[in-house]
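Fold and contact review
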Amino acid sequence: MNARPRVLSLIQPTADSFHLGNLLGAVQYWPVLQESHECFYGVADLHALTVATEPEVVRQRTLVSYAQLMAAGVDPQRGAVFVQSHVPEHAELMWVLACMTGFGEAGRMTQFKDKSAKAGADSTNVGLFTYPVLMAADILIYGANAVPVGEDQRQHLELSRDLAQRFNKRYGRTLVVPEPHIMKNTAKINDLQEPNAKMSKSSPAGCVNLLDPLKTIEKRIKSAVTDSDTEIRFDPQRKPGVSNLISIIHGLTGQPIEEIVAGLQGQMYGELKKQAAAAVIAYAEPFQATVQSLLEDRAQLEQLMKDGAEKARQAAAATLDAVYDAIGFVRRAGR
Ligand code: TRP
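Note that the coordinates shown come from a computational prediction; the quantities given were computed from them, not determined experimentally.

**Topic: the pattern of salt bridges**
If you walk through the whole model with that rule in mind, you get 20 salt bridges. Put simply, R161 and E158 hold a salt bridge, and the shortest N to O gap is 3.8 Å. Placement of the pair is R161 and E158 together in helix 9 (residues 154-171), with a separation of three residues, close to one helical turn. Under the relative-accessibility criterion, E158 is labelled partly exposed at 41%. Put simply, R331 and D325 hold a salt bridge, and the shortest N to O gap is 2.7 Å. Note on R331: relative accessible area 41%, which makes it partly exposed. If you follow the salt bridges from partner to partner, you end up with E231, R233, D235 and R238 in one network.

Written out as C-alpha cells, the structure reads:
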C-alpha cells in the first residue's frame, strides 16, 4: 500500500509554449508536490481536441508540453507523467460518468457557457459540453485525493466531487471524493498590459512565453504597464502592474516580496523591470535548452511517455475494473 495521498493534474497542450502564468501559477509547484504525494501528471490532449487544430500542431504541442513539464522539474521517475490519450481508461470512465451527469448540470458549467457563447451555438461541439465530465474522469480514474487547480477550474472540480458521491451512493463506495488542493506559494500572474486580468495566451502583448526568443521576453517585460505613481510597493489592489512584476521576480527567484521591495527602494520602475526581465531570462534560458534537447531525442521522449502511460494505466485500470464491476458489467476475460 502506498500511504502517500494521490494528486492528479493535467495541462492542456493548446499553445506552443507555457507562459509565466502557467509556470508560476501551477506547473512550478508540480515537482514540489512530488515530494509528499503520489503524483499523476499529464498532457490533456483529449481536452485540447475541443478546439479544432491542425494535426501536426496538435502533435507538436503535445511533445513540447511534455518536454516543458520535464524542464520545469517534474521527475518522471517519481510519479507517472503521461499523455492523456495514451491512457484509454480516461475516455472509458468518462462514458460511465456522462450517463450519470444531468443535462442541466453540465449546461450550468460557467466555462462551457462562456466558451460556447463565444463560439456561437452552431460551431460549438458536444466535446466542449462534456469537457467537465472528461475532467472528472481524469481525476476519479486515479482515485486522486487532491487536485491542484486554479479558481477557473473550481466548478469542474466540484462536479467531480458530486459525481464521485453520486456514484458511491448508487453503487457503493468505489470512487475517491477529491479535494481541491490549495497551492501555497504560487503567485497569480497577470497580463502585463492589463494587470487586472489573468495572463493569457489570448492576449499576446501581455503574455510572456517561456519558449519565446529571449529578446521578445525582455521587450514584453520592459513594456509592461505600471502606473503614474513612482513608488515601488507591493499592493495588488492599488498598484497591480508594479505588484505583478514583483510577483514575477518572487515566483522565479523565491526571494521574499519584502526583500525585493526593500532592495528597490528609491529606484525607478525601469530598475524593477530590469530585475524582472533578468529573472525571467535566467529561468528561460536553461529551460529552453532542456526543452530543445528533449525534443531532439524523440526516441527518449517517446520512451518517457510510454513508461509514464504504463504506470498511469496500472492505477487507472484498477479503478475502471472496480467501476465496471459496481455497475454490473460482465468482467472481461483475463481481468
Ligand atoms: N481543464 C484544465 C485546464 O484547462 C486541464 C485539465 C484537464 C485538468 N483535466 C484535468 C486539470 C484534471 C486538473 C485535473 O486547466
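Once the structure has been displayed, the description carries forward.
**Some words on helix 14 (residues 298-327)**
Every α-helical turn comprises 3.6 residues, leaving residues that sit three or four positions apart pointing alike. The terminal C-alpha atoms of helix 14 lie 41 Å apart, and with 30 residues this matches the ideal 44 Å at 1.5 Å per residue to within 8%. Maximum bend of helix 14: about 30 degrees, positioned at R313. Positive phi shows up at G328, right after helix 14, with a value of about 100 degrees.

**Here we look at the site of the ligand**
Close contacts around the ligand come from L8, S9, L10, Q12, H47, Y131, M135, D138, I139, V147, V149 and Q153, and that covers them all. A distance of 2.6 Å is found between a nitrogen atom of the ligand and a side-chain nitrogen or oxygen belonging to D138. Against a free-state accessible area of 360 Å², the protein chains account for coverage of 87% of the ligand. Elements with a minimum of two residues in the shell around the ligand: strand 1 (6-11) and helix 8 (126-140). Top element by residues in the shell around the ligand is helix 8. It accounts for four residues. For the shell around the ligand, the class distribution of residues is seven nonpolar, four polar and one charged.

Analysis parameters
Residues numbered from 1 in each chain as written. Predicted model: local features only at pLDDT ≥ 70, side-chain atom pairs only at ≥ 80, totals over all residues. Heavy atoms only, no water. Salt bridge = Lys/Arg side-chain N within 4 Å of Asp/Glu carboxyl O. Helix = DSSP H or I, 4+ residues; strand = E, 2+ residues; numbered from the N terminus. Buried < 20%, exposed > 50% of the residue type's maximum accessible area, 1.4 Å probe, protein only. Expected span 1.5 Å × (residues − 1). Bend = angle between axes of the 7 residues up to and from the residue. Near = heavy atom within 4 Å. Polar contact = N/O pair within 3.5 Å; in protein donor to acceptor, adjacent residues only side chain to side chain. Areas by Shrake-Rupley, 256 points an atom, 1.4 Å probe, with all protein chains shown as cover. Nonpolar A, V, L, I, M, F, W, Y, C, P; charged D, E, K, R; others polar.

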